[in-house]
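Notes for the structure review
What follows is each chain in one-letter form.
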Amino acid sequence: MKKVFACLAFGLFVLVLPNVLMAQMPGGGNGGKGGGGGLQNMLQQQGIKMNVGHIYGKVVDPKTGKGIEFASVALYTTHGDSLTGGQLTETNGDFSLDNLPLGSYKLKITYVGYKPMEKNVVVTFKNGEQDLGDLAMEEDATTMKAVTVTAEKSTIELKPDRKVFNVDKDLSARGGTGIDVMKNIPGVSTDADGNVTLRNASPNIYIDGKPTTLTLDQIPADQIEKVEVITNPSAKFEASATGGIINVVLKKNQKPGYNGMVSMALGTNKQYNGMALLNVHEKKFGFLLAYNIHGATNDVYSYTDRRSLNNGETTGYFHQDDNSIDKRLFQVGRIGLDYNASNRTSLSLSENMVFGRFETNDNGSYSTSDSSNTLKLSGNRNTDRVVNFRNFTTDFSIHHTYPVEDKEWTLDLNYNRSRGGTNYTYDFTTYDPIGNLIPYNLADNPESETDSTGTSSNMVTAQWDFADPINKDMKIEFGVRSNYQRQFATPVVYDQVGDSINPVPNLSLRYRTDNLINAAYVTFSHQVKNFSYQLGLRFEETYFVGKLLDSVNGTFSYGYPSSINNLYNALFPSLSLSQKWGEKHELQFNITRKIKRPNFFQVSPFIFASDMYDYRIGNPALQPEFDNKAELNYDLTLDKFTWLSSLYGSFDQQPITQYSYAQDSSNILINTFENAKNSWEYGWENTIKVTPVKGLDITADGTVYYNSIVSNVSGAEINNHGYSYTIKGIISYKFPLGIVGQINGTYEAPRIIPQGHTLPLYFFDLSVSKDLGIVSFNLSVSDVLNSKVHGNYYDTPTYIQTNTHRRDVRYARLGMSIKFGKLDSSIFKLKKQLKKEQQNAPSGDDLGF
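Here is what the cut-offs are and how they apply
- Residues numbered from 1 in each chain as written.
- Predicted model: local features only at pLDDT ≥ 70, side-chain atom pairs only at ≥ 80, totals over all residues.
- Heavy atoms only, no water.
- Helix = DSSP H or I, 4+ residues; strand = E, 2+ residues; numbered from the N terminus.
- Buried < 20%, exposed > 50% of the residue type's maximum accessible area, 1.4 Å probe, protein only.
- Contact = heavy atoms within 4.5 Å.
- Areas by Shrake-Rupley, 256 points an atom, 1.4 Å probe, with all protein chains shown as cover.
- Pairing = 2+ DSSP bridges.
- Axes fitted to C-alpha atoms, helices over the stretch in contact; angles between N-to-C directions.
- Patch = residues over 30% accessible without salt bridge, like charges linked within 9 Å, V, L, I, M, F, W, Y side chains within 5 Å.
- Salt bridge = Lys/Arg side-chain N within 4 Å of Asp/Glu carboxyl O.
- Phe/Tyr/Trp six-rings, centres within 6.5 Å; stacked < 30°, edge-to-face > 60°.
- pLDDT = per-residue confidence, 0-100.
- Core = buried A, V, L, I, M, F, W, Y, C linked by side-chain atoms within 4.5 Å.
- Polar contact = N/O pair within 3.5 Å; in protein donor to acceptor, adjacent residues only side chain to side chain.

Some thoughts on the overall build of the protein
On a plain count of helices and strands, the protein comes out with 6 helices and 47 strands. Taken across its 849 residues, the protein has 46% of its residues classed as buried. In the protein, of all internal contacts separated by at least 6 residues, the share reaching a separation of at least 24 is 66%. For the protein, the computed accessible surface area is about 40700 Å², with 58% contributed by carbon and sulfur atoms.

Concerning the sheet that holds strand 1 (residues 53-60)
Taken together, 3 strands build an open sheet; the order of strands is 4-1-7 and the sheet is mixed. Two strands lie at the open edges of the sheet, namely strand 4 (94-100) and strand 7 (129-136), each paired on one side alone. Pairwise comparison of adjacent strand axes, ignoring direction, gives a mean angle of 15° for this sheet.

Concerning the side chain of T513
Locating T513 in the fold gives a position in strand 26 (residues 511-528). Assessed through its relative accessible area of 3%, T513 is described here as buried. Not counting residues up to four positions away in its chain, the partners in contact with T513 are Q485, R486, Q487, F544, V545, G546 and F600.

What to know about a nonpolar patch on the surface
Residues W581, L587, L632, L647, Y682, W684, V704, Y723, Y725 and I727 make up a contiguous nonpolar surface patch of roughly 1000 Å² in combined accessible area. Elements with a contribution of two residues or more to the nonpolar patch: strand 37 (678-690) and strand 39 (716-735). Counting residues per element, the nonpolar patch draws most heavily on strand 39, which supplies 3 residues. Considering the arrangement of structural elements, one finds V704 in strand 38 (residues 696-713).

As for unusual backbone geometry
Here N269, not a glycine, exhibits a phi torsion of approximately 60°, which is positive. Following the sequence through the fold, N269 ends up in the loop between strand 16 (257-267) and strand 17 (271-282).

As for the packing of aromatic side chains
For the structure on display, the rule yields 20 aromatic pairs. A ring pair is formed by Y111 and Y114, whose centres lie 6.1 Å apart and whose planes are at 45°; its orientation type is tilted. Residue Y111 is classed as partly exposed on the basis of its relative accessible area, which comes to 24%. With a relative accessible area of 15%, Y114 lands in the buried category. Taken together, a centroid distance of 5.6 Å and an interplanar angle of 80° make the contact between Y634 and W643 edge-to-face.

What about the pattern of salt bridges?
This structure, assessed with the given rule, holds 21 salt bridges. A salt bridge links E228 to K226; the shortest N-O distance between them is 4.0 Å. Its relative accessible area of 12% is what places E228 among the buried residues. Under the relative-accessibility criterion, K226 is labelled partly exposed at 22%. Taking the shortest distance from any N to any O, the salt bridge between E359 and R357 comes out at 2.8 Å. One salt-bridge network, in which partners are shared between bridges, spans R199, E631 and E685.

With respect to the confidence of the model for the protein
Taken as a whole, the protein shows an average pLDDT of 82; of its residues, 85% reach a score of 70 or greater. Low pLDDT, under 50, characterises residues 143-152; the predicted model gives this stretch 6 contacts beyond four residues in sequence or across chains.

Things to note about the pairing of strand 25 (residues 500-503)
Regular strands place their side chains on alternate faces of the sheet. Direction of pairing for strand 24 (residues 474-497) relative to strand 25: antiparallel, over a ladder of 4 bridges. Considered in strand 25, the bridge of Y494 is made with P503. Between strand 24 and strand 25, which pair antiparallel one after the other, the connecting turn spans 2 residues, and G498 there sits at a positive phi close to 60°.

Remarks on the sheet that holds strand 2 (residues 72-77)
The strand order across the open sheet formed by 4 strands is 3-2-5-6, and the pairing between neighbours is antiparallel. Two strands bound the open sheet, and with one partner strand each, they are strand 3 (83-88) and strand 6 (117-123). Between one strand and the next, the sheet's axes are offset by a mean angle of 20°, whatever the strand orientation. As paired strands, strand 2 and strand 3 are joined by 5 bridges and run antiparallel to one another. Looking at the pairing, L75 lines up with G85 of strand 3.

Description of the nonpolar core
Counting residues in each nonpolar core, the largest one holds 29 residues, and the members touching the most others are V181, M182, I185, L216, I224 and V227. Only helix 4 (178-182), strand 11 (196-198), strand 12 (204-207), strand 14 (224-230), strand 15 (245-250), strand 19 (313-340), strand 20 (345-370) and strand 21 (375-401) provide two or more residues apiece to this core. Not counting the four nearest positions on each side in its chain, L216 is found in contact with T177, G178, I179, M182, V196, I205 and V248. Of all hydrophobic cores here, the second largest spans 19 residues; its members include I55, L75, L100 and V123.

Topic: the environment of I438
Relative to the helices and strands, I438 is located in the loop between strand 22 (408-431) and strand 23 (448-471). Since its relative accessible area comes to 24%, I438 is described here as partly exposed. In sequence terms I438 and G379 are 59 residues apart; their C-alpha atoms lie 9.7 Å from each other. Discounting chain neighbours no more than four positions away, the residues touching I438 are L377, T430, Y431, D432 and N445.

Some points on the pairing of strand 46 (residues 799-805)
Of all 7 residues in strand 46, 5 are buried, a share of seventy percent or more. As judged from the 6 bridges shared by strand 45 (residues 790-795) and strand 46, these two strands associate in the antiparallel manner. Its bridge partner lying in strand 46, H790 is registered against H805. The turn linking strand 45 back onto strand 46 is made up of 3 residues.

Some thoughts on the environment of D180
Tracing the chain through its elements places D180 in helix 4. C-alpha separation for the pair D180 and P220, spaced 40 residues apart in sequence, amounts to 9.4 Å. Those residues in contact with D180 that lie beyond four places of it in its chain are D170, A173 and Y811. Looking at D180, its side chain comes within polar contact range of the side chain of Y811, at 3.4 Å.

Pasting the structure below:
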């Protein structure tokens, strides 16, 4: 494995180094071709400087005669089209390019709202200093119209390969977290623990196109610009994306100038939120600074009802009520720096920091009964939980483009480290049927139990991507990627009775995991008139090791491919076809193969207890599951109506499924994992966006789907199947006086799980905002009916159970945001300094020495 990793790293170095070196060569690495190359080489060999050219001028509006600020001025060689120099115009439209080699050039000027302008320039010894005068650009009415039309983004943009959700338009998410954003996105569902599913599968979460270890409730909604949902990614993306990809794009300003926002919100349930964001983009540099703090308290209730069975006969009952107070507080800081080394090479460095603390006080009461429902035992369990975490992500990337359109390469290096600690304290009281306290003992009825667990994780990712158009209709893309992650967990559990303390070795399982994935991919795309296709193939090598640090025999691992016989398990092809009819109709088909690897908890054959009646144990024989996915999409785009219809299906080979069974008559529930035989799912999803009248936007999403799961547990076959559906809707209307109202709602019908089905889920939110220019106010009420309760129903040979759980109860939140800044404007005043430098510069007649 080490050899494979070293080879990939060396290949990455060899591929990237020549491009970096070429980018540093004068004239883009063409040896000075295009005007005076022979004389230039001769003078350089004699040690004579001959960059004598200096051209300057002013870009102006044809009607007003005033200078155009921040127009792009670029100078290219006539032969070879290599970039020699460039800049953005000053506040009054001035530009100045000096230290130019002898030769002939094309001066290209571009700016939004104006037609591109070109001018031929020749630099010789005699005319090294040239004033090009006022260069008037011609207005482009078509471009200006397009800018006006697209300035106002809709809540959801529909594209054949993805859906783009513009978070700024979702009033209900303001002042919340990424979880609040997800609840309105078509095809996406969230559970009571904040986990997200996309078409009933767990998606990979990206931030700005890169994998992350952050959870969605650790990302402030106010820092999210948009969310991209890719339901069936091509071979260019991770093969583990069996549930698709949700890419969270954070706010970032790329325009010259500066802008920022300060927001704050207060709500019921002791909610508070504060955010500050600053973007600065000046000449070659860009700078971003952001900070967010979010806190909330929730009083939630959940319950469990279980009836134990033996050969179909009832053997006992178990009931548990939980009343808990959940407090959460986290802070997020982000700093970023961009540098445009040239017009074709840019570098970026960023650091994301997350600090959080979650506290839970849970007061649970339980009772057990025999088959005749006569009370056997009852008791209380008080749980205090404190979780602290901190997460740091450092990201460095280089992006280089070429004179050829769409030819580029990108190098991304990402390092993530996280540290955390969890402390549980359980206090138990148990009573006999007549209400007498059962004496404590360390063997099976402790007075209290403490669990202190420290966790740490380090992850390194390196990825290099290259895109090269073969011609205007063909393009090839390829790249390599390596990801390595090491995790530690050190739980220590003690039982206590009075002053007697007893360690619990079977629950104090310190472990370490190492996970290495190396990958390479290639895709080829070709367009023939209105028809296009893309072929892709990805290779992924997997190596996983889990080790119990206190056990000699506590090591288990798996690797794919392990031999030539299962090489196919490391190959992941993709195919995409697309046919357009004008600008209104498009039909697209894609098919891919994916892999889902088991994690440490799923393969570790040791007990992990969530409470005294609920255990989890892994299965070391667990194998990865392989998912074959296909989609057929139709996109219809009209002026005030957009419809995206998707028929999709997936066939999972040996899917990883969780199943549960009751242990004898002790009412202890054991949760473990098995590879099912297979599972099918197919569905039809429709997303419609319509603007029937001015100011009214309606977005509706509906999905109906069928699931079938076939498992083999302890020699018994389990076959569960059925239909379900989900409906989501967002209605937004602009009232007079700049007031915008929004209502959004969701209904999720019961859907099957391996041993039962979920309970129906429904809720709706109301929001209203008022924009006063730089200041805006927002009021939202979440879960108006207080009905957002997640639950499951299990029907198995050993028990029948219903349980419910909540994440948040109904709340109202009032927020205010203040925007500031000025785009297309310099934040620094450098005009005088530049003018002074030009006046003190040597004359071109002395050849610069």
